[in-house]
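Observations on chain architecture
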Amino acid sequence: MRIGVIGAGAAGLYATQLLLERGHEVVLLEARDQVGGRITPLEGWADVPLEMGAEEIHGADSPWARMLRQAGAELFLPPGQDYIWYANQLWPEDDAPQAVQDALDFVATAVTWAGPPLTVTELPGYTGLQPDTTAIVNARLGNLYGTSDRYLCAAGIAEQELHWKSGPEDLRLRTGSLLDWLKIICHEAVAIARCGRPVIHVKILADGVTLTDATGEHHTADAAICTVPLPVLRQGLITFDPVLPPAHQAAIKMIGMGPGLKVQLRFTDRFWPADMTYLIGGQYIPEFWDATRGRGNTPVLTGFVMGDAAYQLGPHEPTVIRRALEDLDRMFGGIASASCTGAQVQDWSRAPWTGGAYSYPVAGGGLDARRALAGPVGGRLYWAGEATSEGHQATVHGAIETALRAVDQVLRRTTP
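Worth saying up front: this structure is predicted, and the values here are computed from it rather than measured.

Regarding unusual backbone geometry
Cis rather than trans, the peptide bond between Asp 241 and Pro 242 has omega equal to 0°. Its place among the elements puts Pro 242 in the loop between strand 14 (239-241) and helix 10 (246-254). With a phi close to 60°, Trp 353 is a non-glycine residue in the positive phi region. Of note, Trp 353 is situated in the loop between strand 20 (340-347) and strand 21 (359-361). Since its relative accessible area comes to 26%, Trp 353 is described here as partly exposed.

Below, the structure written as structure tokens:
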């Protein structure tokens, strides 16, 4: 049997690898000039690879964590504590003032919200927070989940948490990049990937599918698995004949995905606390972390910006860097700008054939929307990717789980 796979990110590579291992022919078409999708390393800039996209391995019990360990990767949980910038002072989280603790208590309430589908900013208690602590809430909720608090549905967060099955740990690789290890795990898929071949049209037939790429070449298959990010579908970069069913069209609109960026800042010395895991509360950059702690010696801080802040900063890379350094200068007495030796920015909303960071829940767009998007079309077109995950969205292991689901659906439907 011949299967077409659209997109060579984590979901597309793993789906292809599974199909090849089961003896099927696969044509894997990738729009960009490299595989990996939103897994993109920055090589040669520090003494270890840095991640410009996916970075943490969320949960020690996730299939991705198991696959990495089986492949020989060493995973570790960075020790230390979070720091919070508040009232012109840097506080260890546990020692922060009561206003900060109130904001953190609000965060804990939001992730267990069982009421109507309100956004974080609409929740009871939000207006009672000290105004200068709402940035802390946004860092822990909106920014973490891929957006801003005013768009993020609290009920959707709670729904996701109820379906989370992978454990609470946020692990990192000791050596190599995520793409290095993904290529090892999916080596057969990588070998056949055809990069620079964006699929622009999918024709669904009674006995198969035809995929047309941007060069005009037609690829016929018995079935296809589409793994592209949501913005590609929203922007109509791929057309479908017949058009997608109403349920799929509605789901594409009702799952959130917006701008997001990372900024890597390299310094002459580590001027931040030696035990710092995350640093939140910046005016422009909601969250920073030590990118090489436990892995390398090059002093690098990663800035992580989603939602409105990413939209405002994203068009101008020098502005992103300047604002990040301004935040750090404010926290550390001007040392950041004086010791910065380089910076790199990845803006996912402007990355071709990507268009955003990762999916998040909006009001009315919970797991039901993800299930609708994951539904097969005409018994010939199937779906995978983190946006179609039920509970593990916005993660690599969620994408991998959806690949396994899609492959099983294809083989059950098309195998005699």
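Section: the packing of helix 2 (residues 63-71) against helix 7 (residues 178-185)
The N-to-C vectors of helix 2 and helix 7 enclose an angle of 80°; their axes lie 10 Å apart at closest approach. By the angle between their directions, the pair helix 2 and helix 7 is classed as roughly perpendicular. Side by side, helix 2 and helix 7 meet where Trp 64, Met 67, Leu 68 and Ala 71 of the first sit next to Leu 178, Trp 181, Leu 182 and Ile 185 of the second. Residue composition of the contact of helix 2 with helix 7, grouped by class: eight nonpolar, no polar and no charged.

Some thoughts on the side chain of Ser 148
You can see Ser 148 is positioned in the loop between helix 5 (142-145) and helix 6 (154-163). The contact partners of Ser 148, leaving out residues within four places of it in the chain, are Asn 138, Gly 142, Met 306, Gly 307 and Asp 308.

Regarding the environment of Thr 388
Mapped onto the elements, Thr 388 comes out in the loop between strand 22 (381-383) and helix 15 (396-414). Put simply, Thr 388 and Arg 371 are 17 residues apart on the chain and 6.5 Å apart in space, counted from C-alpha to C-alpha. Residue contacts for Thr 388: discarding those within four places in its chain leaves Arg 370, Leu 373, Ala 374, Trp 383, Thr 402 and Arg 405.

Considerations on the packing of aromatic side chains
A full pass over the atoms with the stated rule returns eight aromatic pairs. Between Trp 289 and Phe 304, the ring centres sit 5.5 Å apart and the planes meet at 50°, which makes this aromatic pair tilted. Separated by 15 residues along the polypeptide, Trp 289 in strand 18 (residues 287-290) and Phe 304 in strand 19 (residues 300-306) bring together distant segments of the chain. Take Phe 304: its relative accessible area is 10%, and that puts it in the buried class. Through pairs of rings, three or more aromatic residues link up here, namely Phe 267, Phe 271, Trp 272 and Phe 332. Lying across the ring of Phe 76, Arg 174 places its NZ or CZ 4.0 Å from the centre.

Analysis parameters
Residues numbered from 1 in each chain as written. Predicted model: local features only at pLDDT ≥ 70, side-chain atom pairs only at ≥ 80, totals over all residues. Heavy atoms only, no water. Helix = DSSP H or I, 4+ residues; strand = E, 2+ residues; numbered from the N terminus. Buried < 20%, exposed > 50% of the residue type's maximum accessible area, 1.4 Å probe, protein only. Axes fitted to C-alpha atoms, helices over the stretch in contact; angles between N-to-C directions. Parallel < 35°, antiparallel > 145°, perpendicular 65-115°, else oblique. Contact = heavy atoms within 4.5 Å. Nonpolar A, V, L, I, M, F, W, Y, C, P; charged D, E, K, R; others polar. Phe/Tyr/Trp six-rings, centres within 6.5 Å; stacked < 30°, edge-to-face > 60°. Lys NZ or Arg CZ within 6 Å of the ring centre and 35° of its normal.

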